[in-house]
Amino acid sequence: AAGVIQSPRHLIKEKRETATLKCYPIPRHDTVYWYQQGPGQDPQFLISFYEKMQSDKGSIPDRFSAQQFSDYHSELNMSSLELGDSALYFCASSLDSGDRRNTIYFGEGSWLTVV
Amino acid sequence: AQSVAQPEDQVNVAEGNPLTVKCTYSVSGNPYLFWYVQYPNRGLQFLLKYITGDNLVKGSYGFEAEFNKSQTSFHLKKPSALVSDSALYFCAVRREYSSASKIIFGSGTRLSIRP
């Protein structure tokens, strides 16, 4: 079965640079979530989109932005990168139309290292 | 606000013995409860969920979880542990009847199964 696809899997950037992470949800899923997991930490919610509209916002820095496109893929843009942004970034998707009890499935994550 | 607590940072069990990973939750209304497993440098894999119905939920890899509303708990169990079960386990909660509602994770419990 198709899963959530994230790219790139690994990314190394210098401080103050910009990075873009991409997420391709499971086909027919209408909701996308972004999470950040620092070393030894639990995943922290950043932002979510439902039917291409921002649905909820968590602890996402102002330097970060995201959007969901017409084909339901999503991109997380991170600017003015800081060392503390080094983390594993997860994208997840779910199908929320109609039945709102569906499972949220996670991708393998994108490792961002800021040097 | 919803929250999840995993009181044990680490659980050590001998192979073949039963295991329990504890989780308690706090949420207004009825919760959707999940368990995810994370292997080193990997994504979050869905194990099982409780939505409604039987309090004992069966999931992947022989795991099951028991929902206890009066104790607001959702402990993960397995009758006979395998060395390959060694991983990081996250309990998570999602608020019912809220489209695109985010999933909130506990702090995680590292399960170590010794041969």
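Everything below is about the structure printed above this text.
What you see is a predicted model, and the numbers here were worked out from it, not measured in a lab.

Draft legend 1. Region of interest: the overall build of chain A. In terms of helices and strands, chain A carries zero helices and 11 strands. Shown N-terminal to C-terminal, the secondary structure of chain A runs as helices and strands in the order β-β-β-β-β-β-β-β-β-β-β. For a compact globule of 115 residues, the expected C-alpha radius of gyration is about 13 Å, and chain A comes in at 14 Å, within 12% of that figure. Counting only C-alpha atoms, chain A reaches 45 × 25 × 25 Å along its principal axes. For chain A, buried positions account for 46% of its 115 residues. Once local pairs closer than 6 in sequence are excluded, the contacts in chain A between residues at least 24 apart make up 54%. Element-wise, carbon and sulfur atoms account for 48% of the exposed surface of chain A, whose accessible area totals about 5,500 Å². Each charge class in chain A can be summarised by its mean position, and for the 11 positive and 14 negative side chains these summaries are 2 Å apart.

Draft legend 2. The arrangement of the state of the cysteines in detail. Considering all chains together, one arrives at two disulfides over all chains under this definition. Note on cysteine connectivity: C23 of chain A is disulfide-linked to C91 of chain A, with sulfurs 1.7 Å apart. Judged by the sign of its S-S torsion, about -60°, the bond between C23 of chain A and C91 of chain A is left-handed. Here the residue C23 of chain A occupies a position in strand β3 (residues 19–24), and C91 of chain A occupies one in strand β9 (residues 87–94), the gap between them amounting to 68 residues. A sulfur-sulfur separation of 2.0 Å characterises the disulfide bridge that pairs C23 of chain B with C91 of chain B. Looking down the S-S bond of the C23 of chain B and C91 of chain B bridge, the torsion is -65°, so its handedness is left-handed. Taken together, the residues C23 of chain B in the loop between β3 (19–21) and β4 (24–26) and C91 of chain B in strand β10 (residues 87–95) connect sequence positions 68 residues apart. By the burial criterion, C23 of chain B is buried, and C91 of chain B matches it.

Draft legend 3. Just the side chain of H75 of chain B, in detail. Tracing the chain through its elements places H75 of chain B in strand β9 (residues 73–78). Within polar-contact distance, the side chain of H75 of chain B engages the backbone nitrogen of C23 of chain B at 3.0 Å.

Cut-offs and rules
- Residues numbered from 1 in each chain as written.
- Chains lettered and ligands numbered in written order.
- Predicted model: local features only at pLDDT ≥ 70, side-chain atom pairs only at ≥ 80, totals over all residues.
- Heavy atoms only, no water.
- Helix = DSSP H or I, 4+ residues; strand = E, 2+ residues; numbered from the N terminus.
- Rg over C-alpha atoms; globule rule 2.2 N^0.38 Å.
- Buried < 20%, exposed > 50% of the residue type's maximum accessible area, 1.4 Å probe, protein only.
- Contact = heavy atoms within 4.5 Å.
- Areas by Shrake-Rupley, 256 points an atom, 1.4 Å probe, with all protein chains shown as cover.
- Lys, Arg positive; Asp, Glu negative; His and termini not counted.
- Charge placed at Lys NZ, Arg CZ, Asp CG, Glu CD.
- Disulfide = S-S within 2.5 Å.
- Polar contact = N/O pair within 3.5 Å; in protein donor to acceptor, adjacent residues only side chain to side chain.

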